[in-house]
Amino acid sequence: MSRGRTWFEALAGATFDGEPASVLCADESVRGERARFLSVVPDPEARFPRARSGELGLEEGWALARRVREVVAADDDRGDRRALIAIVDVPGQPYGYREELLGLHLALAAAVDAYATARIAGHPVVALVVGQAISGAFLAHGMQANRILALDDSGVAVQVMSKRSTARVTRRSVEELDEIAREVPATAYDVTSFARLGALHRLIEGVNAEEPDAEDVEMVRDALAEAISSAGHDGSTDLSGRLASPEARQGRDASLRVRERLAEEWSR
Amino acid sequence: MTAPAPTGTKFTELSARERAAALLDPGTFRELIGPFERLESPHLEPQGVVPASDDGVVVARGQLDGEEAVVLAVEGLFQGGGIGEVSGAKIAGTLELALRDAERGRTVRPVLLLESGGIRLQEANLGLLAVAEIHAAIVALRSHLPVVGVVAGMVGCFGGVAIAGGLCSYVIMTREGRLGLNGPQVIEQEAGVAELDSEDRRLVWETIGGEQRVATGMVDALVEDEVGAIAGAVRTAFDAGPPVVHRSSQVERYEARLAGMDTLDQLDGPALRALWRDDGGGR
């Protein structure tokens, strides 16, 4: 079973039979807070053959957008907007001719749009990275969250391209890539290196990511509840918190310098 | 510092800086964090890549039809337009300032010249974070005023930058421009030449080229590769105001389009044009 399904079933306590079968969706509370859980999982029967192994493809992008927008519309006249929880275990986007023809970039933009729109409307959006978080798939499902949590586990990987593909594109061996990653943490795959860039709200330690027991699930549920509450309380609906973290002051120094310089020169 | 290119000049022959100047009203171009400030990427030299003094993105304030504007021009000739920490922060930071102004009732028209292979692999997750911030800023900003993207060529627009294109209020393309998530060479490499022959130019352009994208309603305007035509199309887009429903929010329309699709037979560009031309779902 994929980690995305394992954690979805553990946290949302549900099986799912909606369409498409690759985008799991359930409404369940977290320590009394209403939430919608979303997870992208493999579906060997998926209509698009290149998106059968958990890739975030055309149907997945648009379905995520629909599921997120349902919540934004349903809570529109309520004071409390329910949380959206993106369980992230995505190996990337499908590489296919048909996908490009039918506008894969737009399908991923639809998911980005929906999550960002929900965040701006005041929904706490929390990403929980339990496995792979690769590339366009992570941009579409996770990166627009105002809180990102990740399990501290060797099977958790955050990168812009799978290691195998990066090796081929850059004509380097996997060993050479590992060598570079030691010098340039932004090119590393492990979640500890990603944490040094300051975008994580919390790295959750001591949890079995592959086969969680009841105690592991409770620990993650506590972390989700804390993230929902903290997102609800700080009042900001943008991503500026990522650059305000102590880690970002070190790990994203140039990002901060560019913004300072732009602000000085913007109006004259 | 940058003399505007005369009408009639091919847009794709211009550098990013010249493109920005060519779009803005004459005499209004003012570059922010210009090349003499030498705000370079700190990550390239250790990996044996010579950095550029502007990191491949030009930020130019100026005017369009007398209205305040800012052009963000990606230089496709530097690292394939790949977005790194500095170039990404220039785009995201500028859009964030335009958003701050818009929230205070001051509009600065944003134009994105998207020539990019996506995230720069040497800067990897720093680029990923920057691109997510670009996406966030476009979605926030476009509720105030249109965000206009131009994909002119020759590099094309791919990866996380193509997602940014998908988020724009309006996208203007030339026949030479290409817009897609994965570039043809990457698809051929990852899925095999039977999936897509990246050397087959006709096939590639019939799949992701400007004419195809306009014909299927995935972008808004097809223009000649000429300075005056592109400058005019950009102004027309702002005159139109924000769309009623942005394309990336048209979930029902696109889910219906995909539901009716045969996903196993190898559908081609001309066949898709016939299917998607007039499905009544446009704005």
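Along each chain, the written sequence defines residue order, and numbers are assigned to residues from 1. In the order they appear in the text, chains get letters beginning with A and ligands get numbers beginning with 1. Per-residue local features are limited, in this predicted model, to residues with pLDDT of at least 70; the limit for side-chain atom pairs, both in listing and counting, is 80 or more; totals at the level of whole chains, interfaces and linings are taken over all residues.

Chemist: Honestly, the overall build of chain B in this entry has me stumped. Any pointers?
Modeler: Strands here mean DSSP runs of E at least two residues long; helices mean DSSP runs of H or I at least four residues long; both are numbered from the N terminus. Tallying secondary structure elements over chain B gives 10 helices and seven strands in all. A globule of 283 residues ought to have a C-alpha radius of gyration of about 19 Å, and chain B, at 18 Å, matches this closely. Principal-axis analysis of the C-alpha atoms gives chain B an extent of 55 × 45 × 35 Å. Here chain B, with 283 residues, has 60% of them falling under the buried criterion. A sequence separation of at least 24 residues applies to 72% of the contacts in chain B between residues at least 6 apart. Atoms counted for the radius of gyration: C-alpha only. Globule rule: 2.2 Å times the number of residues to the power 0.38. Counting other C-beta atoms within 10 Å of each residue's C-beta, where C-beta atoms are placed from the backbone, gives the exposure class: buried for 20 or more, exposed for 12 or fewer, partly exposed between. Contacts are defined on C-beta atoms placed from the backbone: any two residues whose C-beta positions lie within 7 Å are in contact.

Chemist: Is there a simple way to explain the overall build of chain A in this structure?
Modeler: Helices and strands together make up the secondary structure of chain A, namely 12 helices and seven strands. In terms of overall dimensions, chain A has a C-alpha envelope of 45 × 45 × 40 Å along the principal axes. Among the 268 residues that make up chain A, the fraction classed as buried is 54%. When contacts within chain A are restricted to residue pairs at least 6 apart in sequence, long-range pairs at least 24 apart make up 72% of them.

Chemist: What should I look at first to understand the interface of chain B and chain A in this one?
Modeler: Frequently, the measure chosen for interface size is the accessible area that the parts lose on association. Facing the 65 residues of chain B at the interface are 63 residues of chain A. When residues of the side of chain B that touches chain A are traced back to their parent elements, those giving at least two are helix H2 (85-103), helix H3 (124-141), helix H4 (159-167), helix H5 (184-191), helix H6 (201-208), helix H9 (251-259) and helix H10 (269-276) of chain B. At 14 residues, H3 of chain B tops the list of elements feeding residues into the side of chain B that touches chain A. Charged means Asp, Glu, Lys or Arg here, nonpolar means Ala, Val, Leu, Ile, Met, Phe, Trp, Tyr, Cys or Pro, and polar covers whatever is left, Gly included. Its residues assigned to classes, the side of chain B that touches chain A comprises 37 nonpolar, 20 polar and eight charged.

Chemist: Please clarify how the packing of helix H4 (residues 104-121) of chain A against H4 of chain B should be interpreted in this entry.
Modeler: Each pair of packed helices gets described by two things: the angle between the helix axes and the distance between those axes. Interaxial angles span 0 to 180 degrees and are taken between N-to-C directions of axes, which are lines fitted to C-alpha atoms, for helices over the stretch in contact. In contact at an axis separation of 8 Å, H4 of chain A and H4 of chain B are set at 70° when each is read in the N-to-C sense. Judged by the inter-axis angle, H4 of chain A sits roughly perpendicular to H4 of chain B. Here H4 of chain A contributes His105, Leu106, Leu108, Ala109, Val112 and Asp113 of chain A to the contact with H4 of chain B, which in turn contributes Ala162, Ile163, Gly165, Gly166 and Leu167 of chain B. Looking at the contact of H4 of chain A with H4 of chain B residue by residue, the classes come out as seven nonpolar, three polar and one charged. Orientation categories follow fixed angle ranges, with anything under 35 degrees roughly parallel, anything over 145 roughly antiparallel, 65 to 115 roughly perpendicular, and all other angles oblique.

Chemist: Is there a simple way to think about unusual backbone geometry in this case?
Modeler: Excluding glycine, most residues fall at negative phi; most peptide bonds, likewise, are trans. Here the amide bond leading from Glu19 of chain A into Pro20 of chain A is cis, since omega sits at -10°, within 30 degrees of zero. Here Pro20 of chain A is to be found in the loop between helix H1 (3-12) and strand S1 (23-30). Geometrically, the link from Gly153 of chain B to Met154 of chain B is a cis peptide bond, its omega value of 10° lying close to zero. The residue Ser135 of chain A is not glycine, and still its phi comes out positive at about 65°. Positionally, Ser135 of chain A belongs in helix H5 (residues 135-140).

Chemist: In this structure, what is going on with the nonpolar core? I would like to understand it.
Modeler: Among soluble globular proteins, nonpolar side chains are generally buried collectively. Put simply, a nonpolar core is a cluster of buried Ala, Val, Leu, Ile, Met, Phe, Trp, Tyr and Cys residues tied together by C-beta atoms within 7 Å. In terms of nonpolar packing, the biggest core is built from 186 residues, with Val126 and Val129 of chain A together with Ile172 of chain B touching the most fellow members. It is H3 of chain B that provides the largest number of residues to this core, a total of 14 residues.

Chemist: Where do I start with the sheet that holds strand S5 (residues 148-151) of chain B in this structure?
Modeler: The pairing of strands in a sheet comes from backbone hydrogen bonds and takes either a parallel or an antiparallel form. All names here are of chain B. If you walk across this open sheet you meet the seven strands as S1-S2-S3-S4-S5-S6-S7, and the pairing is mixed. Both edges of this open sheet fall to strand S1 (30-32) and strand S7 (221-222), since each of them pairs with a single strand only. Sheet topology places strand S2 (residues 57-64) next to strand S3 (residues 67-74); eight bridges connect them, and they run antiparallel. Among the inter-strand pairings, Gln63 is bridged to a residue of S3, identified as Glu68. Strand pairing is assigned whenever DSSP detects at least two bridges linking the two strands.

Chemist: How do you make sense of the pairing of S3 of chain B when you look at a structure like this?
Modeler: It is a general feature of regular strands that their side chains alternate between the two faces of the sheet. All names here are of chain B. Here S3 lies mainly inside the structure; six of its eight residues are buried. Counted between consecutive antiparallel strands, the loop separating S2 from S3 contains two residues, among which Asp65 sits at a positive phi close to 50°. Bridge count between S3 and strand S4 (residues 109-113): five bridges; the pairing is parallel. Residue pairing across strands places Ala73 opposite Leu113, the latter belonging to S4. If you view a crossover with the strands going away from you and the path from the first strand over the helix to the second runs clockwise, you call it right-handed. Between the parallel elements S3 and S4, the chain passes through H2 in a crossover that is right-handed.

Chemist: Hey, could you run me through the packing of H3 of chain B against H4 of chain B in this one?
Modeler: Residues and elements named next belong to chain B. Contact pair H3 / H4: the axes reach a minimum separation of 10 Å and the direction vectors enclose 5°. Regarding the angle of H3 to H4, the classification is roughly parallel. Facing H3, whose interface residues are Val131, Ile134, His135, Ile138 and Val139, H4 presents Gly160, Ile163, Ala164 and Leu167.

Chemist: Sorry, what's going on with the confidence of the model for chain B here?
Modeler: Where the model shows low pLDDT, its predicted coordinates should not be examined in detail. Per-residue confidence from the predictor is reported as pLDDT, a score between 0 and 100. Confidence in the prediction of chain B, expressed as mean pLDDT, is 94, and 96% of residues score 70 or more. Taken over the whole predicted complex, pTM reads 0.97, whereas the ipTM for its chain interfaces reads 0.97.

Chemist: Where do I start with H4 of chain B in this structure?
Modeler: The periodicity of an α-helix, 3.6 residues per turn, causes residues three or four places apart in sequence to face the same way. Among the nine residues of H4 of chain B, nine are classified as buried, and the element is accordingly described as predominantly covered. For H4 of chain B, the set of buried residues is Gly159, Gly160, Val161, Ala162, Ile163, Ala164, Gly165, Gly166 and Leu167 of chain B. Lining the buried residues of H4 of chain B we find H4 and H5 of chain A together with S4, H3, S5 and strand S6 (170-173) of chain B.

Chemist: Would you explain H9 of chain B in this entry?
Modeler: Residues Val251, Tyr254, Glu255, Arg257 and Leu258 of chain B constitute the buried set of H9 of chain B. Taken around the axis of H9 of chain B, the buried residues stretch over an arc of 155°, which confines them to a single face. Elements that come into contact with the buried residues of H9 of chain B comprise helix H2 (58-74) and H4 of chain A together with H10 of chain B. Regarding the arc, it is the one traced by the directions from the helix axis to the C-beta atoms.

Chemist: Whenever I open this one, the pairing of strand S2 (residues 33-40) of chain A confuses me. Can you help?
Modeler: Residues and elements named next belong to chain A. Of all eight residues making up S2, six are buried, and the element is well covered by its neighbours. Where S1 folds back onto S2 in an antiparallel hairpin, the turn is made up of two residues, including Arg31, whose phi is positive at roughly 50°. Bridging between S2 and strand S3 (residues 83-90) involves five bridges; their strand directions are parallel. Paired with Arg36 across the strands is Leu84, a residue of S3. For the crossover from S2 across H2 to S3, the handedness is right-handed.

Chemist: Would you explain the environment of Gly34 of chain B in this entry?
Modeler: Examined against the element boundaries, Gly34 of chain B turns out to sit in the loop between S1 and S2. The spatial distance from the C-alpha of Gly34 of chain B to the C-alpha of Val57 of chain B is 9.6 Å, given a sequence separation of 23 residues.

Chemist: Mind showing me how you'd approach the environment of Ser249 of chain B here?
Modeler: Turning to its location among the elements, Ser249 of chain B is positioned in the loop between helix H8 (227-240) and H9. Sequence spacing of Ser249 of chain B and Leu167 of chain B is 82 residues, and the spatial spacing of their C-alpha atoms is 8.9 Å.

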